[in-house]
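Coordinates in review
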Amino acid sequence: VYILGIETSCDETAAAIVKNGTEIVSNVVASQIESHKRFGGVVPEVASRHHVEQITMVLEETFQQADMTAEEMDAITVTEGPGLVGALLVGVNTAKALAFAKHKPLIGVHHIAGHIYANRLVKEFHFPLLALVVSGGHTELIVMHEHGSFEVIGETRDDAAGEAYDKVARTLKLPYPGGPQMDRLAAEGAANIDFPKAWLEEGSYDFSFSGLKSSVINTLHNAVQRKETLKDADVAASFQASVVEVLSEKTYRAAQQYDVKQVIVAGGVAANKGLRTALNNKFDDAKQELLIPPLELCTDNAAMIAAAGTVAYQQGHRAGWDLNANPSLDLERYGNRGSAR
Ligand code: ATP
Ligand code: MG
Ligand code: FE
């Protein structure tokens, strides 16, 4: 089964072809980071315009790299949400046009299902499995009992992990996107500042990062007022230590409670070296197998959309020509949708 995936939910224009849901045939990502850098974040209108400019070239290169044509695809799959509506619309309309012209099934894919299925391009899934999703817009613990179904057991009550990284990075005047810069800086510093860790209620798998973010901002502000100097690297290392301990410990506890076979990590923050090390240590002697995708599959790409789309295709899901961008698409509802769409 050869599936084309298209992803335009945020600031990467991407297309990919995946074989049997597990093997990348071609994978093309055009990043817009340079264009958003001078604004310090993603500007939705700029993102949409870039997608329009890039999508045709990205698709051509995807078919060229694979030495395949659209005729050889079994289905056209595309991120339908969540994300920026104007950005999503470019992908959805491109997928519709292609599917209509080539008489192919059209399938909408949930962006976070995609992040999770990036791991299946590394190794076959064994259920039940636990997914820690840590991205720019999401921080969630998800249990999967079978392909295509998702039970959210915990989520952030305020900022997402990536969002917290980006906001703290901005107060340290690091260029956008701040996450990777913070990661680099943290490696040079010492975690010698005691920032809060939000464990929340006993047994809760929810997260909260806004208190930590405020605490970092206050600490920096107070240091300036007292004319003390804090090393940026120490601030980064201390912030990262707080984030990573809560993420890795809650993931470990949930893995035991739900007695899962695998633990997978997904989303842009899965690229974080501190988090990767902490999880590797926690699960070193554990009975669960830990999967963390290679860096290029952690951040947005279309291979992950094609991988999740393959499962949807095999489970009989089909979108109609009324498929629309859904900026707030719900993951559990997406998993529970009927096959007759
Ligand atoms: P979502 O997937 O929730 O819709 P998104 O697609 O914008 O959001 P991703 O592309 O998955 O998010 O991830 C981007 C986020 O990951 C950014 O917040 C970025 O700062 C963060 N990130 C990337 N690399 C690292 C890293 N090494 N350490 C920490 N954060 C990182
Ligand atoms: Mg992104
Ligand atoms: Fe993403």
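Residues numbered from 1 in each chain as written. Chains lettered and ligands numbered in written order. Predicted model: local features only at pLDDT ≥ 70, side-chain atom pairs only at ≥ 80, totals over all residues.

1. Quick look at the UniProt feature "domain: Gcp-like" (unreviewed entry) in the protein chain
The feature "domain: Gcp-like" (unreviewed entry), as given by UniProt, occupies residues 23–306 in the numbering adopted here. Helix makes up 47% of residues 23–306 and strand 16%. Its end C-alpha atoms lie 10 Å apart. (UniProt positions renumbered as here; feature names shortened; annotations may be inferred. Helix = DSSP H or I, 4+ residues; strand = E, 2+ residues; numbered from the N terminus.)

2. Here we look at helix 7 (residues 210–225)
Over its 16 residues, helix 7 runs 23 Å from end to end, which matches the ideal 22 Å to within 8%, given 1.5 Å per residue. Looking at helix 7, one finds that the buried residues are Leu212, Lys213 and Val216. Across the axial projection of helix 7, the buried residues extend over an arc of 110°, all falling on one side. Residues of helix 7 that are exposed and point more than 90 degrees away from the buried face comprise Ser214, Asn218, His221, Asn222 and Gln225. (Expected span 1.5 Å × (residues − 1). Buried ≥ 20, exposed ≤ 12 C-beta atoms within 10 Å, placed from the backbone. Arc of directions from axis to C-beta.)

3. Points about the sheet that holds strand 10 (residues 289–291)
With mixed pairing, five strands are arranged side by side in an open sheet as 8-7-6-9-10. The open sheet has two edge strands, strand 8 (151–155) and strand 10, and neither has a second partner. Taking each pair of neighbouring strands and ignoring which way they run, the sheet shows an average axis angle of 20°. Where strand 7 (residues 139–144) and strand 8 come together, four bridges link them in antiparallel fashion. Looking at strand 8, one finds that Val143 is bridged to Glu151. (Pairing = 2+ DSSP bridges. Axes fitted to C-alpha atoms, helices over the stretch in contact; angles between N-to-C directions.)

4. Focus on the sheet that holds strand 4 (residues 75–81)
Pairing in this open sheet of five strands is mixed, and the strands run 3-2-1-4-5 from one edge to the other. Two strands in the sheet have a free side with no partner beyond their single neighbour: strand 3 (23–31) and strand 5 (106–110). Adjacent strand axes in the sheet meet at a mean angle of 20° when their direction is disregarded. By the bridge criterion, four bridges tie strand 1 (residues 2–7) to strand 4 in an arrangement that is parallel. Residue Gly5 lies in a different strand from strand 4, and its bridge partner there is Thr77. On top of the sheet, helix 11 (residues 303–314) reaches strand 1, strand 2 (12–19), strand 3, strand 4 and strand 5; it is set at about 130° to strand 1, its chief contact. (Contact = placed C-beta atoms within 7 Å.)

5. As for the environment of Phe150
Relative to the helices and strands, Phe150 is located in the loop between strand 7 and strand 8. On the basis of neighbour counts, which here come to 22 C-beta atoms within 10 Å, the residue Phe150 falls in the buried class. Along the primary structure Phe150 and Gly5 are separated by 145 residues, whereas in three dimensions their C-alpha atoms are 20 Å apart. Those residues in contact with Phe150 that sit more than four places away from it in its chain are Ala113, Ile142, Met144, Leu331, Glu332 and Gly335.

6. A word on the confidence of the model for the protein chain
When pLDDT is averaged along the protein chain, the result is 95; 99% of the residues meet or exceed 70. With a pTM of 0.95, the predicted complex shows an ipTM of 0.97. (pLDDT = per-residue confidence, 0-100.)

7. Quick look at the site of ligand 1
Neighbouring ligand 1 are 24 residues, the closest being Gly136, Gly137, Gly162, Gly179 and Gly268. For the shell around ligand 1, the element with the most residues is helix 6 (residues 178–186), which contributes four residues. (Near = placed C-beta within 6 Å.)

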